[in-house]
Amino acid sequence: MRLAGGGMMLKLFAHVALIALVAAPAVAAPSPAGITAAAQRPAAASVQQAVAAQVAALEKQIKGRVGVAFRLLETGESGAVAGAERFPMASTYKVAIAGTLLSLVDKGQMRLDRMIAVTQADVDQTGEVANRVVHPGVMLSVANLMELMLTQSNNTATDKILALAGGPAAVTAWLRANGIAEMQVDRSVNDLLNDFYGVPAGSPFVKTLMARGLSDADIEKSAYSANAAFEKDPRDTSAPVAMVDLLGKLLASPLLKPESRDFLRSVMERCETGAARIKGLLPAGTTVAHKTGTIGGSINDVGMITLPGDRGHLLIAVYTKSSSLPEAQRERAIAEISRSLFDYFATR
């Protein structure tokens, strides 16, 4: 959930591409047609202690809170630091929205090729659905809306998909029905951003904020600064372990039909945001299916790393909050944790 102001607002607030850090090259294993997930068991105590020590050091560096959960699917080895603590999901909640919608596709209640109109009212709320497409008269398939939601974190596409999924309450009900207890989806992107920026409830967010005449600098300052009241709100939050559990169910279990599971994984592997987060320090060419999230003091990334050779698939969720340091410093924390876990599971 990103935002830029002034004349750039409609073009930039839904997504910002980031430049990856350079790392040593490696050949990643291809994405398999299916992944066999083992029952969960604790990772070695030494690994969990090392991750806890690293998180403690990084929290001092970013002057904020960090939560981590991980699981190697093929062995079930798992661990967490602040794994049960709630963090604002920001745009990582789009993973849950995608899962709910795809479950409807599997039941025959929704089609990926169904065409959906994007109206001026949608643009007034959450901005353009694509760069340079600024006029009414846009229709996109559900599949393309899903692509925009997950690869570019487009907020208008998200609210269209959320509505098709039945709304926030339906997503949370789907999570509960599938055993995900410590995660909830409560608001559309429009409503969430209204709350974060103090825009009156029910207002079209983008149109209202633009009318205030704020500069890009003013909006950016709020967009990347910790907001204690927002962080205390339990709405649209998740525990890191809950997100890893959801990722495992979506990407490596029969929860979705194989076609939907493969569709979701392939879209998440094309994610264009957050190149300096989970992927930031991984060897070049490493396949990562992931989804980022950004709002206020929270810089997040969640997903699945395909390890080299036959070493398996590593689920990881890294959440941060309460930090107002520059985005790059917080992203570096996510990258360092991800690289440490990658090195352990890829080289042992």
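For the structure itself, consult the block above.
Small disclaimer: the values here were computed from a predicted structure and weren't measured.

Before going further, it helps to examine the pattern of salt bridges. This model, assessed by the stated rule, comprises 19 salt bridges. Residue D236 is joined to R187 by a salt bridge in which the shortest nitrogen-to-oxygen separation is 2.6 Å. Here the residue D236 occupies a position in the loop between α11 (228–232) and β7 (237–238), and R187 occupies one in the loop between α7 (168–177) and α8 (189–197), the gap between them amounting to 49 residues. Residues D236 and R187 agree in their burial class; the two are buried.

This part covers empty space enclosed by the protein. Applying the stated criterion across every chain, the model contains five cavities of 30 Å³ or more. In this model, the largest cavity occupies a volume close to 60 Å³. Along the walls of the largest cavity sit V118, T119, Q120, V123, E128, V129, V133, V134, H135, P136 and V138, which together make up its complete lining. Here the lining of the largest cavity is built from residues that sort into seven nonpolar, three polar and one charged.

So, on to the packing of helix α2 (residues 45–62) against helix α14 (residues 327–347). Two numbers describe how α2 lies on α14: the axes approach to 10 Å, and their chain directions differ by 165°. Classified by the angle their axes make, α2 and α14 are roughly antiparallel. Viewed along their axes, α2 and α14 form a crossing whose handedness is right-handed. On the side of α2, the interface is formed by V47, V51, Q54, V55, L58, Q61 and I62, while α14 contributes Q329, R330, A333, E336, I337, S340, L341 and Y344.

What counts and what doesn't
- Residues numbered from 1 in each chain as written.
- Predicted model: local features only at pLDDT ≥ 70, side-chain atom pairs only at ≥ 80, totals over all residues.
- Heavy atoms only, no water.
- Salt bridge = Lys/Arg side-chain N within 4 Å of Asp/Glu carboxyl O.
- Helix = DSSP H or I, 4+ residues; strand = E, 2+ residues; numbered from the N terminus.
- Buried < 20%, exposed > 50% of the residue type's maximum accessible area, 1.4 Å probe, protein only.
- 1 Å grid on protein atoms, 1.4 Å probe; cavity = no way out; pocket = protein on both sides within 12 Å on 5 of 7 lines; lining within 4 Å.
- Points joined across faces, edges and corners; volume = space filled by probe spheres on them.
- Nonpolar A, V, L, I, M, F, W, Y, C, P; charged D, E, K, R; others polar.
- Axes fitted to C-alpha atoms, helices over the stretch in contact; angles between N-to-C directions.
- Parallel < 35°, antiparallel > 145°, perpendicular 65-115°, else oblique.
- Left-handed = near helix turned anticlockwise from the far one by under 90°.
- Contact = heavy atoms within 4.5 Å.

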